[in-house]
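As a plain string of letters, each chain reads:
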Amino acid sequence: MKSCMSTIGLGIAVFAFFWFQPAPSQAKAVEASRALALQSAYDLQRASGWNHITLTAHPVQGDPFWKAVRPKGVPAHARLQPDLVTAQFYTTCFTGVVVRYVCTTGSSVCGQ
């Protein structure tokens, strides 16, 4: 039996990862966001008792860390284009309020 769920590497986790680094590059933010999405997929795999998982890119909205500053989400002027898409990850990046770059990565996770 195959089961699918969606998981997201949140910008909040990327923010925490770069808390002590004043100006990370966009490439580092992408790498961290994708690593967090992959870790979330592995956590879901363990919790669900799946032996195997498959990840497929799934578009997501950018998720700002400071919702009080950006209560309506990421403004258009803060989004960085283009979105970065692979077979496994759909990554949206934007300029942050505290850190220079924040990325949110989406993947659809299917397991058996």
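Scroll up for the structure.
Residue positions within a chain follow its written sequence, with the count starting from 1. The predicted nature of this model means local features are confined to residues of pLDDT at least 70 and side-chain atom pairs, given and counted, to a pLDDT of 80 or more, with totals for whole chains, interfaces and linings taken over all residues. The side-chain numbers reported here are obtained from all heavy atoms of the structure, hydrogens and water having been left aside.

1. Notes on the overall build of the chain
For step 1, the next point in the chain: The helix and strand inventory of the chain stands at two helices and five strands.
For step 2, the next point in the chain: Helix numbers and strand numbers start at the N terminus; a helix is a DSSP run of H or I with at least 4 residues, a strand a run of E with at least 2. Taken from N to C terminus, the helices and strands of the chain fall in the order β-α-α-β-β-β-β.
For step 3, the next point in the chain: When a residue's accessible area, from a 1.4 Å probe over protein chains only, is under 20% of the maximum for its type it is buried; when over 50% it is exposed; and in between it is partly exposed. Residues classed as buried in the chain amount to 42% of the 112 residues present.
For step 4, the next point in the chain: Partitioning the contacts of the chain with sequence separation of at least 6, the portion at a separation of at least 24 is 68%. Any two residues whose heavy atoms approach within 4.5 Å at even a single point are treated as in contact.

2. Things to note about the environment of Asn51
For step 1, the next point in the chain: With respect to the element layout, Asn51 can be found in the loop between helix 2 (26-48) and strand 2 (53-57).
For step 2, the next point in the chain: Considered as a pair, Asn51 and Gln112 are 61 residues apart in the sequence and their alpha carbons are 5.9 Å apart.

3. Remarks on the nonpolar core
For step 1, the next point in the chain: Ala37, Ala41, Leu44, Trp50, Ile53, Leu55, Phe89 and Val109 form the largest nonpolar core, which has eight residues in total.
For step 2, the next point in the chain: The set of elements that each furnish at least two residues to this core consists of helix 2 and strand 2.
For step 3, the next point in the chain: Of all the elements, helix 2 adds the most residues to this core, at three residues.
For step 4, the next point in the chain: The contact partners of Leu55, leaving out residues within four places of it in the chain, are Leu38, Ala41, Ala87, Gln88, Phe89, Ser107, Ser108 and Val109.
For step 5, the next point in the chain: With six residues, the next largest nonpolar core counts Ala29, Leu80, Cys93 and Cys103 among its residues. Definition of nonpolar core: a set of buried residues of the types Ala, Val, Leu, Ile, Met, Phe, Trp, Tyr and Cys, connected through side-chain atoms within 4.5 Å.

4. Looking at the side chain of Thr92
For step 1, the next point in the chain: As for its placement among the helices and strands, Thr92 is situated in strand 4 (residues 90-95).
For step 2, the next point in the chain: You can call Thr92 buried: its relative accessible area is 1%.
For step 3, the next point in the chain: Apart from the residues within four sequence positions on either side, Thr92 is in contact with Val60, Gly62, Arg79, Asp83, Val102, Cys103 and Thr104.

5. As for the pairing of strand 4
For step 1, the next point in the chain: For strand 4, the buried fraction is high: five of the six residues fall into the buried class.
For step 2, the next point in the chain: Whether two strands pair depends on DSSP finding at least two bridges between them. Where strand 3 (residues 79-85) lies against strand 4, four bridges are found, and the strand directions are antiparallel. The residue bridging Leu84 from the neighbouring strand is Thr91, located in strand 4.
For step 3, the next point in the chain: Between the antiparallel neighbours strand 3 and strand 4 lie four residues.
For step 4, the next point in the chain: Pairing of strand 4 with strand 5 (residues 101-111), which is carried by six bridges, proceeds in the antiparallel orientation. Across the sheet, the residue bridging to Phe94 is Val102, located in strand 5.

6. So, the state of the cysteines
For step 1, the next point in the chain: By convention in this document, the label disulfide applies to cysteine sulfur atom pairs within 2.5 Å. Per the stated rule, a full pass over the model turns up one disulfide.
For step 2, the next point in the chain: Through a disulfide, Cys93 is tied to Cys103; the S-S separation comes to 2.1 Å. The disulfide joining Cys93 to Cys103 has a torsion of about 100 degrees about its S-S bond and is therefore right-handed. Here Cys93 is found in strand 4, whereas its partner Cys103 is found in strand 5, with ten residues between them in sequence.
For step 3, the next point in the chain: Overall, the relative accessible area of 2% leaves Cys93 in the buried class.
For step 4, the next point in the chain: Accessibility expressed as a relative area gives 0% for Cys103, which makes it buried.

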